[in-house]
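In case you want the letters, here they are:
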Amino acid sequence: MLIPIFIVIGLCFLAFISYILWLVWAALTSPIPLPYNFKSVFVRWRSTAATIFGIALVVTVFILLNAMAAGLEKSSANTGDPRNVMIVRKGSTAESSSVITLEQFKLIRYLPQIARDDKGNPIISADLAVIISLPRRDGTGEANVTMRGVTPMGKALRPQVKLVSGRWFVPGKREAVISVKMARRFAETDIGQKFKTGGKELTVVGWFDAGDSAFDSEMWMDADEARSIFDRENYSSLLARLADTNDIASFTNRLETEKRMALRADFETKYYMEQTSTAGPIKFLGWFLAVAMSIGAVFAAMNTMYAAIGARTREIGTLRVLGFRRRVILASFNLEGAILSGIGGAIGCALALLTQWFCTAFNVHFGTLSFNTFSEVIFQFRITPALLVEGMIFAVVVGIVGSFFPAIRAARLPVIAALKAV
Amino acid sequence: MTLGTFIIKNALRNKRRATLSILSVAVSLFLLVLLLVALREITLPVEGAGAELRVAVRNKISIANLLPAKQLPIIQKIPGVAAVTPFTWFGGKYKGEQATFAQFAIDPKAMRGVFTELKMDPESYAAFENERDACIIGKITADKYKLKVGDKITLESTIYPATMDFKIVGIYAGTPDDRNMLFRQDYLNEAGGLDGQVGMWWLKVDSAKDMPRVIQAIDKAFENTSAEVRAESERAFQLSFISMWGNIKLLVGLICTAVIFTLLLVSASTMSMAVRERFRELAILKAIGFRRRELFAFILAESFGLAAAGAFIGVGGAYVLFTYGPIGKITFGYFPSFEVTSRIIGFSALIAALLGIVASIMPSIAVAKMSVTEGLKTLD
């Protein structure tokens, strides 16, 4: 049942691709110069402008939604130091649901693969990740925030995090620092303000910036203090620096074969790179909307092209009389549709880029629930060159599909009748 | 020929254009309904019968923190509380992938008193109470994975270090979202090393007027303990999830606006095209004595008619598909229900009407401005 369908789809695709190739060839060799089509698009600018703009908006929606997904993925993929290994409990998908016991920490601490600092201490940090609920600044309710209890070593292992305002927390004084981007979204997080969690009052003493990494969606405090406030005996994860990154295989092997461990170790960068499930539905929405909207756009493009051809019936007749072949006319009008939608696509890309520029210039960030950490994740639009190319391809395909039937009509106009048309 | 038939004949004279215009309006309105429904579904949680008597109790730090099991007798003793069950998120992987259904550990006896709308045959209830590794699953999940009573399933938790085998003893229906899998808290305790902790408490109060007092009493009972709690009505609890979605609502709203705007633009241009095409005719009508407002009426009626036809196909199609179609399958299980409310239909119809009016403005101005001689001379 499925195989014939695949064959039909495959053949259609092949036919479409070869048609496009033929169009490209026609564009290069056409006896009707392209500027003729280009100018024609603008002659009837009033009716084409709306279609162009419609296609532009389809492309903008497509690019921006995918840019959101890319931003979400990037916010996580951008995280970590290539020399660091992250160790979590086997089977846990979020750091907050991972458990590392004190005993496990002691065993791993002195493994030979871990680098030492100048004092001879192993460079490893046992951190705690707790999800806490905080009220939003705009008063629309509460949301989950990842609170990381971090040791001084853990801070050193994450150099992406830089203080931008205030000071670092002092262990034992019930102090915390928060990402500046989170501080803009949550109430009671200005420097000097106090908030309550785990029955205790904490003071925000500093804001940090983590360079668009996953830590930008976090709040930090001292690890041991966090363990006492949140009543946790164990840690959530270990972050260690390898003396030699080539040792990763022997290191993970050591951890994973030992039965009492049941731990999973991997490069920190890889751990974060894999946390991308939040972006999936948004990507789906982006593609779905783009396809559905472009069906509407195809109708609009068809309308415009039919009208254009209707108005130029005499012109087409003249071209035929002058000796231009039917297929030349077909290619010419199909290319005109592609040019029309190409302009729309370019405007769409420009609009999307403008939106991104606006958000960057005015520090607009978005936040939503991450399916990986089950807490708020901060992200921004991230338009990649590939997305712009995809958007343009989308637009041009809409134009070619939308102008195909009108172009066929133009090519098949009877010469004499066309010349007589008013 | 009456005015009505004149307008209809005019609108359908260029059948291809009329069809394309109607279809582009229909596609856009279909999308609009789809987005509005999706937005409503993610921001307005479904509520089962009995929700107004239910209270959810979670750790005050956040929902991701556990509660001590020893809280149970204290909650049970609070006057007005009819039944209490633990409710622990298992976060299981099924066949190596994150399951598309949620799994919770509960107390099978107390559950009957708390989730009263859950319907299952008596043998299933009995088996659930007697067999330790028993579990029950919602009808949607059973259909999706072709599971039946007596089947065994294995789930690997992403929260606890546990991979557990379950035996399906019942398939339930009647809740607003029949997808969850429920199993026994005591079985989880034993297999997962969950020493005396549960995820949440769900309870039922005797009457709605008891609710505020019970909520207050629970919050108070655990104040200044190592596990402070937040008790709230089911509705308030569900609403707290919406706040977590953050800016997604805003962004989807913006996309809706872009869709509406595109639709207005394209259809308006189509309408102007239709009018411009027959400038000469309109000039003749003007010359033989039709007044401006009559011409306006022609244009408006035609544009309105096209928009209405598009709305009928687009909104009607969406309504039929979402109401009678296999919505779970279409949305890959993201949405259990996809209700097209009368408010959404009304809003979409309003947009269509607005579209009909806006689209006729530009051509009307052009017609009003044109002089008869000029109109007669146009070739376009």
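If you're wondering where the values come from, they're calculated on a predicted model, not measured in any experiment. (Residues numbered from 1 in each chain as written. Chains lettered and ligands numbered in written order. Predicted model: local features only at pLDDT ≥ 70, side-chain atom pairs only at ≥ 80, totals over all residues.)

Caption draft 1: Spatial organisation of the overall build of chain B. Counting secondary structure elements, chain B contains 15 helices and 13 strands. Its C-alpha atoms give chain B a radius of gyration of 30 Å, more than 25% over the compact-globule value 21 Å for 380 residues. Viewed in the frame of its principal axes, chain B has a C-alpha envelope of about 90 × 45 × 35 Å. A burial count over chain B gives 42% of its 380 residues as buried. (Helix = DSSP H or I, 4+ residues; strand = E, 2+ residues; numbered from the N terminus. Rg over C-alpha atoms; globule rule 2.2 N^0.38 Å. Buried ≥ 20, exposed ≤ 12 C-beta atoms within 10 Å, placed from the backbone.)

Caption draft 2: Fine view of the overall build of chain A. A tally of helices and strands in chain A yields 14 helices and 12 strands. Here the C-alpha radius of gyration of chain A, 30 Å, is well above what a compact globule of 422 residues would show, namely 22 Å. With the C-alpha coordinates of chain A rotated into their principal frame, the extents come out at 95 × 45 × 45 Å. Here chain A, with 422 residues, has 49% of them falling under the buried criterion. Long-range pairs, those at least 24 residues apart, make up 85% of the contacts in chain A with a sequence separation of at least 6. (Contact = placed C-beta atoms within 7 Å.)

Caption draft 3: Molecular detail of unusual backbone geometry. For Asp212(A), which is not glycine, the phi dihedral falls at a positive 60°. Positionally, Asp212(A) belongs in the loop between strand 7 (200–209) and strand 8 (218–222). Exposure remark for Asp212(A): the 19 C-beta atoms within 10 Å place this residue in the partly exposed category. In this structure, Asn224(B) takes a positive phi of about 65° despite not being glycine.

Caption draft 4: Fine view of the domain arrangement of chain B. The domains assigned to chain B are domain 1 (3–45 + 246–377) and domain 2 (66–226). For domain 1 of chain B versus domain 2 of chain B, the distance between C-alpha centres works out to 49 Å. (Domains from an automatic or database assignment.)

Caption draft 5: Broad picture of the sheet that holds strand 5 (residues 97–98) of chain B. Residues and elements named next belong to chain B. The 11 strands are arranged 5-4-8-9-7-10-6-3-12-1-13 in an open sheet whose pairing can be described as mixed. The open sheet terminates on both sides in strands that have one partner only, identified here as strand 5 and strand 13 (229–233). By the bridge criterion, 4 bridges tie strand 6 (residues 103–106) to strand 10 (residues 181–184) in an arrangement that is parallel. Looking across to strand 10, one finds that Phe-104 is bridged to Leu-182. Lying on the sheet, helix 8 (residues 211–221) is in contact with strand 1 (54–59), strand 3 (81–89), strand 12 (200–205) and strand 13; it crosses strand 13 at an angle near 170°. Here helix 9 (residues 234–244) sits on the sheet and contacts strand 1 and strand 13; the angle it forms with strand 13, its principal contact strand, is near 110°. (Pairing = 2+ DSSP bridges. Axes fitted to C-alpha atoms, helices over the stretch in contact; angles between N-to-C directions.)

Caption draft 6: Inspection of the pairing of strand 12 (residues 376–379) of chain A at higher detail. All names here are of chain A. Side-chain alternation along strand 12 places Glu-376 and Ile-378 on one buried face and Val-377 and Phe-379 on a second face that is also buried. Pairing between strand 11 (residues 366–369) and strand 12: 4 bridges, direction antiparallel. Note that in strand 12 the partner of Gly-367 across the bridge is Ile-378. Between strand 11 and strand 12, which pair antiparallel and follow one another directly, the connecting turn spans 6 residues, one of which, Phe-374, has a positive phi of 55°.

Caption draft 7: Just the nonpolar core, in detail. Among the nonpolar cores identified, the biggest contains 176 residues, and Val61(A), Ile63(A), Ile87(A) and Val33(B) are the most heavily contacted of them. With 18 residues, the single largest contributor to this core is helix 3 (residues 45–77) of chain A. Judged by nonpolar contacts, the second largest core, of 53 residues, contains Met164(B), Val169(B), Ala231(B) and Phe237(B). (Core = buried A, V, L, I, M, F, W, Y, C linked by C-beta atoms within 7 Å.)

Caption draft 8: Representation of the interface of chain A and chain B within the structure. If you look at the interface, chain A gives 53 residues, while chain B gives 44 residues. For the side of chain A that touches chain B, the elements supplying multiple residues, two or more each, are helix 3, strand 2 (124–135), strand 3 (142–150), helix 10 (279–311) and strand 11 of chain A. With 13 residues, the top contributor of residues to the side of chain A that touches chain B is helix 10 of chain A.

Caption draft 9: Representation of the packing of helix 1 (residues 2–29) of chain A against helix 12 (residues 326–361) of chain A within the structure. Residue and element names in this part refer to chain A. Across the interface, helix 1 lies against helix 12 with an axial gap of 10 Å and an inter-helix angle of 100°. The pairing of helix 1 with helix 12 is recorded here as roughly perpendicular in orientation. Of the residues in helix 12, those touching helix 1 at Leu-23, Ala-26 and Ala-27 are Ala-331, Asn-334 and Leu-335. In terms of residue class, the contact of helix 1 with helix 12 is made up of 5 nonpolar, 1 polar and no charged. (Parallel < 35°, antiparallel > 145°, perpendicular 65-115°, else oblique. Nonpolar A, V, L, I, M, F, W, Y, C, P; charged D, E, K, R; others polar.)

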